[in-house]
Amino acid sequence: MLLAVVLQLVLIVLNVLFFLWVDTDCGAVVWISYACATVAYIVLETAYLLPRSDKGRAWGYVIPYIATMFFVVDLIAGVLLSLFVDSVAFALTVHLIIIISFIVWGALHIGANRSISKSLERQTQDAQYVKIVAARLKAMAIMVKDENVRKEIGKLYDVVYASPIKTNAMAHEYEMKVFAGVDELEVMVAAEQWMNAAELL
């Protein structure tokens with residue numbers, strides 16, 4: 001709430017300063033620059049006020065930074081154009097280039113942020129799944145009466161517990177095979193089918 005009030009006050013101050021320093025009969029380039037700077041500031045304000053989830057907080061600050069840079073660059077360009085340029089077409093071209101550049105920059109970062117967030121979410125889920133499978137293997141090792149099968153389950157537990165979590169395609173394929181066999185192994189252990197369990201391991 002406080003941030004929203006501060007941002008609105010800054011916008012009001014900037015507008016007051018503009019109308020104090022600039023004549024209302026100034027050229028079209030000035031008004032184009034004023035309009036573009038105002039739009040850029042609204043984008044900045046929106047970027048800071050949009051809610052960000054705690055999970056994506058670290059990546060969410062990139063967009064406000066881009067919006068801030070957009071406003072600063074467009075404001076500086078607007079001031080320079082107002083002072084030294086009379087061509088409306090040239091002023092529009094410059095502002096259009098700035099707008100397109102920052103739209104592309106922002107879109108690339110949004111895409112990257114979403115990809116990173118999904119990757120982190122999948123990694124967290126995989127890590128949790130590995131812990132669950134490791135806990136099941138540990139419980140099975142306690143239930144097993146056959147010493148050889150218990151040792152093999154202990155080795156499998158060590159492999160699963162230290163799983164690299166999809167470090168590469170080959171590791172991921174191996175992990176999936178191990179995880180898929182745990183269900184079958186659990187059934188054999190419950191039925192005390194030690195020979196079948198030993199063959200599976």
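Keep in mind it's a predicted model, so treat the numbers as computed, not measured.

S.K.: Would you mind showing me how to read the overall build of the protein here?
M.R.: On a plain count of helices and strands, the protein comes out with eight helices and zero strands. When the helices and strands of the protein are listed from N to C terminus, the series reads α-α-α-α-α-α-α-α. Counted over contacts in the protein with a minimum sequence separation of 6, partners at least 24 positions apart contribute 67%. For the protein, the computed accessible surface area is about 13,100 Å², with 69% contributed by carbon and sulfur atoms.

S.K.: I tried to follow the environment of Ala-139 on my own but got confused; where do I start?
M.R.: Structurally, the position occupied by Ala-139 is in helix α5 (residues 88–143). The exposure class assigned to Ala-139 is partly exposed, which follows from its relative accessible area of 38%. Separated by 47 residues in the primary sequence, Ala-139 and Glu-186 place their C-alpha atoms 9.6 Å from one another.

S.K.: When you look at the packing of aromatic side chains in this model, what are you seeing that I'm missing?
M.R.: Summed over the entire model, instances satisfying the criterion amount to 10 aromatic pairs. Residues Phe-18 and Phe-19 carry aromatic rings whose centres are separated by 5.1 Å and whose planes lie at 85° to one another, so their mutual orientation is edge-to-face. Given the relative accessible area of 44%, Phe-19 is considered partly exposed. Ring centres of Phe-19 and Trp-31 lie 6.1 Å apart, and the angle between their planes is 50°; this geometry places the pair in the tilted category. With a gap of 12 residues between them, Phe-19 in helix α1 (residues 2–21) and Trp-31 in helix α2 (residues 28–49) connect regions that are remote in the sequence. Ring pairs connect the aromatic residues Phe-18, Phe-19, Trp-31 and Tyr-34, which therefore count as one cluster.

Conventions and cut-offs
- Along each chain, residue indices are assigned from 1 in the same order as the chain's sequence is written.
- Whole-chain, interface and lining totals are the exception, using all residues; otherwise, since this is a predicted model, local features are given only for residues with pLDDT of at least 70 and side-chain atom pairs are given and counted only at 80 or more.
- Calculation of side-chain values draws on the structure's entire complement of heavy atoms; hydrogens and water are dropped beforehand.
- Where helices and strands are cited, they refer to DSSP runs of H or I of at least four residues and of E of at least two residues respectively, numbered from the N terminus.
- Any two residues whose heavy atoms approach within 4.5 Å at even a single point are treated as in contact.
- Calculation of accessible area relied on Shrake-Rupley with a 1.4 Å probe; when residues are assessed, cover is drawn exclusively from the protein chains displayed.
- Classification of residues uses two cut-offs on accessible area relative to the type maximum, computed with a 1.4 Å probe and protein chains only: under 20% is buried, over 50% is exposed, and between them is partly exposed.
- Classification of ring pairs rests on two measures: the distance between centres of Phe, Tyr or Trp rings, Trp counted by its six-membered ring, which must be within 6.5 Å, and the angle between planes, read as stacked under 30 degrees, edge-to-face over 60 and tilted in between.

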